[in-house]
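Listed here are the chains, written in short residue letters.
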Amino acid sequence: MIYLDHAATAYPRHPGVAEAMLQALEVAGSVGRGGHAGARAAGDLVGDCRGRLADLLGAVDDQRISLFPSSTLALSTLVGDLLTGSDPESQLYMGVLEHNAVWRPAVRVGGEERVSFLPSDADGRVIPERLDEIDASRVVGVVLQHASNVSGILQPIEEVGAWCQKHGIPFIVDGAQAAGLVPFSVSRCPGLKAYTMAGHKHLGGPPGIGPCWMAPGYEPEPLWIGGNGIDSELPRVPDSGPGRFESGTPNLPGIAGLAKALEFFDDHAVSERFRAGNAQRQQWVEALAGISGVEIPGETGTAPRTPVVPLHVPGHAAEQLAAELDARLGVRCRSGLQCAPLAHRHFGTLEAGGTLRIAPGEETDAAIIDPVCSALEECLSGKGE
């Protein structure tokens, strides 16, 4: 197997993740449910995970980090709260490359007529100099991907955050494709109200955990409520803190696995991971661009990107190419719309059914580039059929 689908989920996980998850299954207790040794042990696992996430994000208070079941649920909570009860004439602004985790909640709660898009260039990168073209008085919030899951391009979130702060607009960043790979500190992003993450991507943990940092004083309405072991005599969940968003029995094995994965960052600088990923991406782009008929959407500028390379080959369905690469060489890569139809609409690949996405990981050997490119050329030429 040649695994080139790291933008979907990490493989393999960071060392020790599976073992930590199995050990958590042996913990005889649940977080906040009693004061016995098992409940305390469960609380310690959760506290360790929060602390490591806070360190990674440069956050002062780990109690501003909530552990959602997924980044998608965190974003549904945040986006829905921005639109619910707000002025029906106001607009939610987002990037032109956003994932369905942002677009669909916005449309469900506010309708398509309340969704507007930030001014962006041909690559889908926001143009900060044009933000003042927006009537800020009618903006209920701004939501933006840190890195695109379709093209890998990074957004200028600090500049967008500064504009939001200037106008008192809540700013939310979807960091699913960036956390653990792109150097970032919440303290360096003005105006930021929330930053969501996906534990199973570049953080190297298991699926089922979507950490979310929220700024002090920012307390959106939770999407679901219930028991959490805190102030159980009250009819409402806490006004602040993780207990506001963590009703129900937490996914302790997933949390333990993510905490173990985060130990990886004690010895591996995120800045070095990003530098290596950028260099690796350039190798892939140079090799793939040399194949006749292959187009790489969103590649007109020089803005930094994560190691994600989308391929469009006119006349060839991306799903068929992915299947052939798997059959010929055991290549596992993503085809289709990657849950981001807005991005494909922007790049002009929506009607074609999307792209073939190459997403190498930190451990991907550069020696596989030539064999994969050769196999792709064979698929396009029909050789070996």
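Along each chain, residue indices are assigned from 1 in the same order as the chain's sequence is written. Under the rules for a predicted model, residues below a pLDDT of 70 receive no local features and side-chain atom pairs below 80 are neither given nor counted, while totals for whole chains, interfaces and linings still include all residues. To get the side-chain values, take all heavy atoms of the structure and skip hydrogens and water.

## Here's the deal with the pattern of salt bridges
- One side-chain nitrogen of Lys or Arg within 4 Å of one carboxyl oxygen of Asp or Glu is enough to make a salt bridge. Applying the stated rule across the entire model yields 15 salt bridges.
- A salt bridge links Arg 52 to Glu 263; its shortest N-O distance comes to 4.0 Å. Highlighted residues: Arg 52 in helix α2 (residues 37–57) and Glu 263 in the loop between α6 (252–262) and α7 (270–289), separated in sequence by 211 residues.
- Burial classification: accessible surface area is computed with a 1.4 Å probe over protein chains only, and a residue below 20% of its type maximum counts as buried, one above 50% as exposed, and the rest as partly exposed. Classification of Arg 52 by relative accessible area gives partly exposed; the value is 21%.
- With a relative accessible area of 29%, Glu 263 lands in the partly exposed category.
- Ionic contacts of the salt-bridge type, sharing partners, join the residues Asp 48, Arg 52, Lys 260, Glu 263 and Asp 266 into one network. We count a stretch as a helix when DSSP gives it H or I for four or more residues in a row; a strand needs E for two or more, and each element gets its number in order from the N terminus.

## Considerations on the side chain of Thr 349
- Relative to the helices and strands, Thr 349 resides in the loop between α9 (341–347) and β12 (355–358).
- By relative accessible area, Thr 349 is classed as buried at 1%.
- When near neighbours in sequence (up to four residues on either side) are disregarded, Thr 349 contacts Pro 297, His 312, His 344, Gly 354 and Thr 355. Only heavy atoms enter the contact rule, under which two residues are in contact if any of them lie within 4.5 Å.

## Points about the pairing of strand β7 (residues 192–196)
- For β7, the buried fraction is high: 4 of the 5 residues fall into the buried class.
- By this definition, two strands are paired if DSSP reports at least two bridges between them. Across 4 bridges, the pairing between strand β6 (residues 171–174) and β7 is parallel. Residue pairing in the sheet places Asp 174 in a bridge with Thr 196 of β7.
- Pairing of β7 with strand β8 (residues 210–214) involves 3 bridges; the strand directions are antiparallel. When the bridges of β8 are listed, Ala 194 appears paired with Met 214.

## Some details on α7
- In a regular helix each residue adds 1.5 Å, so 20 residues correspond to 28 Å; α7 covers 28 Å between its end C-alpha atoms and thus fits that length.
- Within α7 the residues assigned to the buried category are Val 270, Arg 273, Phe 274, Gly 277, Gln 280, Arg 281, Trp 284, Val 285 and Leu 288. Axial view of α7: buried residues confined to an arc of 145°, hence all on one face.
- Taken together, the buried residues of α7 touch α2, β9 (309–311), β12 and α10 (369–381). One less than the number of residues in a helix, times 1.5 Å, gives the span that helix is expected to have. This arc corresponds to the set of directions leading from the helix axis out to the C-beta atoms.

## Observations regarding the packing of aromatic side chains
- The aromatic pairing rule takes the rings of Phe, Tyr and Trp, using the six-membered ring of Trp, and pairs them if the centres are within 6.5 Å, calling planes under 30 degrees apart stacked, those over 60 edge-to-face and the rest tilted. According to the stated counting rule, one finds 5 aromatic pairs in the structure shown.
- Relative to Phe 245, the ring of Phe 68 lies with its centre 5.7 Å away and its plane at 35°, an arrangement referred to as tilted. In this pair, Phe 68 sits in strand β2 (residues 65–68) while Phe 245 sits in the loop between β8 and α6, placing the two residues 177 residues apart along the sequence.
- Its relative accessible area of 3% is what places Phe 245 among the buried residues.
- Measuring from centroid to centroid gives 5.4 Å for Phe 264 and Phe 265, while their planes differ by 90°, and the two rings are edge-to-face. Accessibility classification places Phe 264 together with Phe 265 in one group, the buried group.
- What links up through ring pairs into an aromatic cluster is the set Phe 68, Trp 224 and Phe 245.

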